[in-house]
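The lines below spell out each chain.
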Amino acid sequence: MGERDEPGTIGRRVQQLRVARGLTQRQLAEPVYTPAYISTLEAGRVRPSDEALRHLSERLGVEFDELATGRSARRVTELRLRLTEAQRALAVGEAESAVEQYAALLAEAEAQELPEEQAAALLGLGECALDTGELADGRRFFEEAEARLADAPLPARVPALRGRAVAHYLAGELRYAVYLLESTIDELNRGGLHDPDALLLLYASVIGPYMDMGAHARAAQAAEFALALAPQSGDPALVARMHRSVARTLLAEGRLAEADASLAKAAELYRGLHLRTELANCHWMRGYVYAQNGELEQAEAEMREALHMLSATRATLYSSQLTVELADVLHRRGRSEEAAELLRDVLGGLSPERGAVHAAAAHRLLGIIAEDARATEQAEEHYVRALSLLERAGAAGDLADLCRLLGDLLRRTGRVEAALDAYRTGLGHRTAPGTTTLGPAPAQPPV
């Protein structure tokens with residue numbers, strides 16, 4: 001029946017409920033037990049059997065679990081129902097509402113000493129923080145969620161681990177983000193823990209760090225794995241709503257186990273719905289590959305599809321990053337004014353702590369556009385800003401390319417010594433051991 005409270009705690013609970021209902025010990029005991037047994041039980045001198053607790057819970061009008069543990073199974077199920085409501089709010093982009101719901105649910109789960117529900121609420125708060133760009137708060141929520149799940153199997157801890165990695169990535173800590181994601185993927189695959197949802201989360205999340213570190217082959221492979229693992233459903237929001245409605249009906253009828261099962265299905269579907277952010281990264285990756293191959297029309301289509309998916313979930317920070325790469329495609333298609341307008345709009349939402357690599361990419365592209373327009377001073381200013389951001393993030397491949405652009409600009413304007421310094425800086429970053437290389441690729445999933 002699971003863990004229950006000590007006899008003394010159960011005894012006091014029985015006495016309080018009996019007195020509140022105006023029952024004597026004899027009335028509570030009959031017809032199966034004696035008043036003396038009830039007296040001994042209330043004094044905490046006997047551990048009641050399951051049969052005795054069932055009798056007492058029926059007489060007192062409470063659930064077995066509430067009498068044995070002080071926690072109502074009904075209240076726990078109702079709490080899980082409200083967790084799916086918060087998941088729905090987050091999945092459809094209502095981050096502010098989701099934050100309020102998750103905060104209230106966390107307090108309630110802590111009051112009832114429910115670690116799994118506490119972890120679920122903390123994960124929700126972490127995801128909300130990622131969507132709104134509050135990375136330090138997000139990292140803290142994910143760390144707390146992981147601590148609540150310390151004894152759970154690895155697949156159950158994956159969302160918290162992935163959340164931590166994404167927070168580090170968005171803060172510009174690329175190598176540590178890759179380490180967290182790859183080591184978790186490797187542990188899952190080598191250990192035979194082939195959980196499709198967990199692997200999908202991890203593969204989709206590692207694409208961005210791979211790309212920014214120049215590990216394009218790994219990024220492409222991760223994108224294909226993620227798309228192969230992606231769950232297929234016609235309208236997950238609709239099906240999830242149906243399961244929530246069913247759960248409410250079952251809960252009203254007292255069929256708690258069946259209600260819990262329906263809520264578990266709804267929660268899974270909402271997780272899948274929230275994965276639109278992750279799956280958008282896969283379209284983003286495909287767009288990048290098209291752009292690398294010079295297939296710019298297809299690249300723009302994939303990136304706009306990814307941007308549409310991200311906008312639907314109001315993932316503002318990811319949308320800003322993708323907009324930078326879309327602007328690059330537009331520039332290459334001869335639409336430089338449109339590209340520059342996008343970049344100027346998006347730079348307000350990026351900073352050294354929030355999307356440093358893509359802020360640098362925006363400045364780099366604005367520099368190129370300025371050079372094309374013969375605005376040399378403006379181009380140099382953008383390149384220098386980009387250089388500072390990339391040095392902080394450790395994005396060595398991008399930094400080397402930027403040093404070449406800056407060096408060429410300085411050379412053309414007659415500043416040969418400054419140009420040589422820029423070239424040397426770029427060569428040093430390109431050849432420094434360990435800056436652009438990764439360890440062995442993680443074990444592959446059984447796709």
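Residues numbered from 1 in each chain as written. Predicted model: local features only at pLDDT ≥ 70, side-chain atom pairs only at ≥ 80, totals over all residues. Heavy atoms only, no water.

Student: Account for the overall build of the chain, with residues named and values stated.
Tutor: The secondary structure content of the chain amounts to 23 helices and zero strands. Going through the 447 residues of the chain one by one, you find that 49% of them count as buried. Pairs at least 24 apart in sequence give 62% of the contacts found in the chain among residues at least 6 apart. As presented, the chain carries roughly 20600 Å² of accessible surface, and 51% of it is formed by carbon and sulfur atoms. (Helix = DSSP H or I, 4+ residues; strand = E, 2+ residues; numbered from the N terminus. Buried < 20%, exposed > 50% of the residue type's maximum accessible area, 1.4 Å probe, protein only. Contact = heavy atoms within 4.5 Å. Areas by Shrake-Rupley, 256 points an atom, 1.4 Å probe, with all protein chains shown as cover.)

Student: How would you sum up the nonpolar core? Please name residues and give values.
Tutor: Tyr102, Leu170, Tyr203, Ile207, Leu343 and Tyr383 are the most contacted members of the largest nonpolar core, which has 108 residues in total. In terms of residues, this core owes the most to one element, helix α12 (residues 196-213), which gives twelve residues. Residues Ala29, Leu41, Leu56 and Leu67 belong to the second largest nonpolar core, which totals 14 residues. (Core = buried A, V, L, I, M, F, W, Y, C linked by side-chain atoms within 4.5 Å.)

Student: Would you mind going over the pattern of salt bridges in detail, with residue names and values included?
Tutor: Here the structure, examined in full by the defined rule, presents 25 salt bridges. Where Arg335 meets Glu338, a salt bridge forms, and the shortest distance between an N and an O atom there is 3.1 Å. Residue class for Arg335 comes out partly exposed when judged on its relative accessible area of 28%. The class for Glu338 is partly exposed, based on a relative accessible area of 33%. Several salt bridges converge on common partners, so that one network encompasses Glu300, Arg304, Arg333, Arg335 and Glu338. (Salt bridge = Lys/Arg side-chain N within 4 Å of Asp/Glu carboxyl O.)

Student: I'd like a rundown of unusual backbone geometry, residues and numbers included.
Tutor: The amide bond that connects Glu30 to the next residue, Pro31, takes the cis arrangement and shows omega of 0°. Mapping Pro31 onto the fold places it in the loop between α2 (25-29) and α3 (35-42). With a phi angle near 65°, Arg374 is a residue other than glycine that sits in the positive phi range. Inspection of the secondary structure puts Arg374 in the loop between α20 (356-372) and α21 (376-393). For Arg374, a relative accessible area of 75% translates into the label exposed.

Student: Break down the packing of helix α8 (residues 115-132) against helix α10 (residues 154-170) for me, citing the residues and quoting the values.
Tutor: Packing of α8 against α10 brings their axes to within 11 Å, and their N-to-C directions diverge by 20°. Looking at the two axes, α8 sits roughly parallel to α10. The two elements α8 and α10 cross, and the hand of that crossing is left-handed. Contacts between α8 and α10 involve Leu123, Glu127 and Leu130 from the first element and Pro159, Ala160, Arg162, Gly163, Val166, Ala167 and Leu170 from the second. Here the residues of the contact of α8 with α10 sort into seven nonpolar, one polar and two charged. (Axes fitted to C-alpha atoms, helices over the stretch in contact; angles between N-to-C directions. Parallel < 35°, antiparallel > 145°, perpendicular 65-115°, else oblique. Left-handed = near helix turned anticlockwise from the far one by under 90°. Nonpolar A, V, L, I, M, F, W, Y, C, P; charged D, E, K, R; others polar.)

Student: How would you sum up helix α1 (residues 7-20)? Please name residues and give values.
Tutor: Helix length check: α1, at 14 residues, gives a terminal C-alpha distance of 20 Å against a target of 20 Å (1.5 Å per residue), a fit within 8%. Taken together, the buried positions of α1 are occupied by Pro7, Ile10, Gly11, Arg13, Val14, Leu17 and Arg18. Buried residues of α1 fall within an arc of 165° about the axis and therefore sit on the same side. Turned more than 90 degrees from where α1 packs its buried face, Gln16, Val19 and Ala20 sit exposed. Structurally, α1 contributes buried residues whose contacts are with α2, α3, α4 (50-60) and α5 (64-69). Two residues or fewer after α1 comes Gly22, characterised by a positive phi angle close to 70°. (Expected span 1.5 Å × (residues − 1). Arc of directions from axis to C-beta.)

Student: Could you give an account of helix α9 (residues 135-148), with specific residues and numbers?
Tutor: Taking 1.5 Å per residue as the helical rise, α9 with its 14 residues ought to reach 20 Å, and the 20 Å between its terminal C-alpha atoms agrees with that figure. Those residues of α9 that fall on the buried side of the exposure criterion are Leu135, Gly138, Phe141, Phe142, Ala145 and Glu146. In a view along the axis of α9, the buried residues occupy a sector of 135°, so they form one face of it. Away from its buried face, by an angle of more than 90 degrees, α9 presents the exposed residues Ala136 and Ala147. Where α9 is buried, its residues contact α8, α10 and α18 (316-332).

Student: Describe the packing of aromatic side chains, with residues and values.
Tutor: Per the stated rule, a full pass over the model turns up two aromatic pairs. Positioned above the aromatic ring of Phe141, the side-chain terminus of Arg140 is 4.6 Å from the ring centre. (Phe/Tyr/Trp six-rings, centres within 6.5 Å; stacked < 30°, edge-to-face > 60°. Lys NZ or Arg CZ within 6 Å of the ring centre and 35° of its normal.)

Student: Tell me about the confidence of the model for the chain, and name the residues and values.
Tutor: Taken residue by residue, the chain gives an average pLDDT of 81. The fraction at 70 or more is 81%. Across the chain, element-level confidence peaks in α9 with a mean pLDDT of 94 and bottoms out in helix α14 (residues 236-252) with 57. Below pLDDT 50 for its whole length, residues 431-437 participates in nine contacts with residues either more than four positions away or in separate chains. (pLDDT = per-residue confidence, 0-100.)

Student: Quick one: what's the story with the side chain of Arg18, residue by residue and with numbers?
Tutor: Within the secondary structure, Arg18 is located in helix α1. Its relative accessible area of 10% is what places Arg18 among the buried residues. Side-chain polar atoms of Arg18 contact the backbone oxygen of Leu23, separated by 2.9 Å. Those residues in contact with Arg18 that sit more than four places away from it in its chain are Leu23, Thr24, Gln25, Leu28, Glu42 and Leu60. (Polar contact = N/O pair within 3.5 Å; in protein donor to acceptor, adjacent residues only side chain to side chain.)

Student: Provide a residue-level description of the side chain of Ser320, including the pertinent values.
Tutor: You can see Ser320 is positioned in helix α18. Among the residues examined, Ser320 registers a relative accessible area of 13% and is labelled buried. Sequence-distant contacts of Ser320, defined by excluding residues within four places in its chain, comprise Val346 and Leu350.

Student: Can you tell me about the packing of α1 against α4, naming the residues and giving the values?
Tutor: Interaxial distance between α1 and α4 falls to 10 Å at its minimum, and their mutual angle equals 25°. For the element pair α1 / α4, the angle class is roughly parallel. Like other packed secondary-structure pairs, α1 and α4 cross with a definite hand, here left-handed. Side by side, α1 and α4 meet where Ile10, Val14, Leu17 and Arg18 of the first sit next to Leu53, Leu56 and Leu60 of the second. For the contact of α1 with α4, the residue count by class is six nonpolar, no polar and one charged.

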